[in-house]
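Residue-level structure breakdown
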Amino acid sequence: FNERVVDLVRDGVDLAVRAGPVTDPDVVAHRVSGSRWITCASPAYLARHGRPETLAELADHVLIGSIPAGGTHPRPWLFANDQPPPVELRFRMTVNEAEAVMLASARGVGITQTMDLLAARELVEGNLMIVLPEHIRMGPALSIVHTPTAQRLARVRVCSEFLRGLCEYVVQRAAAHTGLKPIP
């Protein structure tokens, strides 16, 4: 697994999971879930530094940013209704791997913004808590993609169904723990 966007045909890849719109005319996409951008921190971090109650208060906290695959700058944080934060958010740490950002936050390094599905396990296990829930923003749709010819392969069908079921399980489990309703 990696975050690199691959060319399924050129790279000989049978199956991939994509976040966001799938515009490649050479692949078949099956939407499996929606997502949300959530802002979160560990209970230990919040006990030491307090819980931000407004977007402006984020400026007083250690923020962990993520650099998207192929990018050179941190992804700007997104909030409900496309509301920009009233202050510039400065990241004290940036990481170019989404799971590392989430894990750093779960280990008490600071506050981050991530997709709810990536943070589901840490939320369920109590290692992360959502902060500023009123500012949760809808995120990208997640899709399983493959080439039209790969669809005939049993391994692609089996893996696709497994991933679809896993995603549904994660969504339901996270929803039960956080109170956030699943996104179809």
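Residues numbered from 1 in each chain as written. Predicted model: local features only at pLDDT ≥ 70, side-chain atom pairs only at ≥ 80, totals over all residues. Heavy atoms only, no water.

1. Focus: the pattern of salt bridges
In total, this model carries 9 salt bridges according to the counting rule given. As a salt-bridge pair, arginine 164 and glutamate 161 come within 3.6 Å of each other at their nearest N and O atoms. Pair noted here: arginine 164 and glutamate 161 are both in helix H5 (residues 154–178), with a separation of 3 residues, about one helical turn. Via salt bridges that share partners, Asp7, Arg10 and Asp11 belong to a single interconnected network. (Salt bridge = Lys/Arg side-chain N within 4 Å of Asp/Glu carboxyl O. Helix = DSSP H or I, 4+ residues; strand = E, 2+ residues; numbered from the N terminus.)

2. Observations concerning the environment of alanine 47
When you line up the elements, alanine 47 lands in helix H2 (residues 43–49). Owing to a relative accessible area of 69%, alanine 47 belongs among the exposed residues under this scheme. Each C-alpha atom of the pair alanine 47 and alanine 29 lies 43 Å from the other, and the pair is 18 residues apart in sequence. (Buried < 20%, exposed > 50% of the residue type's maximum accessible area, 1.4 Å probe, protein only.)

3. Some points on the packing of helix H4 (residues 116–124) against H5
Their axes nearest at 9 Å, the elements H4 and H5 cross at an angle of 50°. Taken as axis vectors, H4 and H5 run oblique relative to one another. For the element pair H4 and H5, the recorded crossing hand is left-handed. Between H4 and H5, the contacting residues are Leu117, Ala120, Leu123 and Val124 on the first element and Cys167, Val170, Val171, Arg173, Ala174, His177 and Thr178 on the second. A class-by-class count of the residues in the contact of H4 with H5 yields 8 nonpolar, 2 polar and 1 charged. (Axes fitted to C-alpha atoms, helices over the stretch in contact; angles between N-to-C directions. Parallel < 35°, antiparallel > 145°, perpendicular 65-115°, else oblique. Left-handed = near helix turned anticlockwise from the far one by under 90°. Contact = heavy atoms within 4.5 Å. Nonpolar A, V, L, I, M, F, W, Y, C, P; charged D, E, K, R; others polar.)

4. Considering the confidence of the model for the protein
Parts of the prediction with low pLDDT should not have their coordinates interpreted in detail. Residues with a pLDDT of 70 or more make up 97% of the protein, whose mean pLDDT is 88. Of all secondary-structure elements in the protein, the lowest mean pLDDT belongs to helix H1 (residues 8–11), at 83, while H2 reaches the highest, 98. (pLDDT = per-residue confidence, 0-100.)

5. Regarding empty space enclosed by the protein
Considering all chains together, one arrives at 1 cavity of 30 Å³ or more under this definition. Of the pockets and cavities examined, the largest cavity occupies roughly 110 Å³. Along the walls of the largest cavity sit 14 residues, with Arg36, Asp116, Leu117, Val171 and Ala174 positioned nearest its centre. Among the secondary structure elements, those contributing two or more residues to the lining of the largest cavity are H4 and H5. In terms of residue count, the dominant contributor to the lining of the largest cavity is H5 (4 residues). (1 Å grid on protein atoms, 1.4 Å probe; cavity = no way out; pocket = protein on both sides within 12 Å on 5 of 7 lines; lining within 4 Å. Points joined across faces, edges and corners; volume = space filled by probe spheres on them.)

6. A closer look at the nonpolar core
Tyr45, Leu58, Leu63, Trp77, Phe79, Leu89 and Ile111 are the most contacted members of the largest nonpolar core, which has 13 residues in total. Apart from the residues within four sequence positions on either side, tyrosine 45 is in contact with Gly50, His61, Val62, Gly108, Val109, Gly110 and Ile111. Membership of the second largest hydrophobic core comes to 9 residues, among which are Ala106, Leu123, Leu128 and Ile130. (Core = buried A, V, L, I, M, F, W, Y, C linked by side-chain atoms within 4.5 Å.)

7. A closer look at a nonpolar patch on the surface
A surface patch of nonpolar side chains, amounting to about 340 Å² of accessible area, comprises Phe162, Leu166 and Tyr169. Mapped onto the elements of the fold, leucine 166 is located in helix H5. Given the relative accessible area of 39%, leucine 166 is considered partly exposed. (Patch = residues over 30% accessible without salt bridge, like charges linked within 9 Å, V, L, I, M, F, W, Y side chains within 5 Å. Areas by Shrake-Rupley, 256 points an atom, 1.4 Å probe, with all protein chains shown as cover.)

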